[in-house]
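# An overview of the molecular structure
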Amino acid sequence: MPIAIHNSIVAGFHALSDPIRVSVIELLRQRELCVCDLCDALEISQSKLSFHLKNLKEANLVNARHEGRWIYYSLNLPQFRVLEQYLADFRLNHIMPTRRSCCD
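Reading the values: rules and limits
Residues numbered from 1 in each chain as written. Predicted model: local features only at pLDDT ≥ 70, side-chain atom pairs only at ≥ 80, totals over all residues. Heavy atoms only, no water. Helix = DSSP H or I, 4+ residues; strand = E, 2+ residues; numbered from the N terminus. Phe/Tyr/Trp six-rings, centres within 6.5 Å; stacked < 30°, edge-to-face > 60°. Pairing = 2+ DSSP bridges. Axes fitted to C-alpha atoms, helices over the stretch in contact; angles between N-to-C directions. Parallel < 35°, antiparallel > 145°, perpendicular 65-115°, else oblique. Contact = heavy atoms within 4.5 Å. Buried < 20%, exposed > 50% of the residue type's maximum accessible area, 1.4 Å probe, protein only.

## What about unusual backbone geometry?
Non-glycine residue glutamate 43 carries a positive phi angle of around 55 degrees. With respect to the element layout, glutamate 43 can be found in the loop between helix 3 (35-42) and helix 4 (46-58). Phi at asparagine 60 takes a positive value of approximately 65 degrees, unusual for a residue other than glycine. With respect to the helices and strands, the residue asparagine 60 is situated in the loop between helix 4 and strand 2 (62-67).

So, in structure tokens, the structure goes:
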């Protein structure tokens, strides 16, 4: 696996390991939202949300679109497909090794 894809997968799963970030993803599944809408829905401060959005953007899981003074966020579906394909390949191509005793 190329290192860039490996890093992308690691970053994606790391970003999805936090409950607030998963909640952001769930809200964005419905539609594009601005920061103020996300803050209201999650009942968190803008500074706390900014930290989580930064993680999601660095993992390439969300897109940010500027319109005037507002930033709107949406899901980056191609990156979710990368994660989905990784899991599918793992499941389909995993071979259960035969049991062996320790130190063989």
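Following the structure, the description resumes.
## Focus: the packing of aromatic side chains
Evaluated as defined, the whole model comprises one aromatic pair. On the basis of an interplanar angle of 55 degrees and a centroid distance of 6.2 Å, the ring pair of phenylalanine 13 and tyrosine 86 is categorised as tilted. Here phenylalanine 13, found in helix 1 (residues 3-15), pairs with tyrosine 86, found in helix 5 (residues 77-93); they are 73 residues apart in sequence, far enough to count as distant.

## What to know about the sheet that holds strand 1 (residues 33-34)
Pairing is antiparallel across the open sheet formed by three strands, whose spatial order is 1-3-2. Each end of this open sheet is capped by a strand with a single partner; those strands are strand 1 and strand 2. Both strand 1 and strand 3 (residues 70-75) contribute to a ladder of two bridges, which runs antiparallel. If you follow leucine 33 over to strand 3, its bridge partner there is tyrosine 73.

## Quick word on the packing of helix 3 against helix 4
Interaxial distance between helix 3 and helix 4 falls to 10 Å at its minimum, and their mutual angle equals 110 degrees. Classed by the angle they form, the pair helix 3 and helix 4 counts as roughly perpendicular. Two secondary-structure elements touch here, helix 3 through Val35, Leu38, Cys39 and Leu42 and helix 4 through Gln46, Leu49 and Leu53.

## Describing the environment of leucine 53
With respect to the helices and strands, the residue leucine 53 is situated in helix 4. Here leucine 53 falls in the buried class, since its relative accessible area comes to 2%. Between the C-alpha atoms of leucine 53 and histidine 66, which are 13 residues apart in sequence, the distance is 14 Å. In contact with leucine 53, not counting residues within four places along its chain, are Val24, Val35, Leu38, Val62 and Tyr73.

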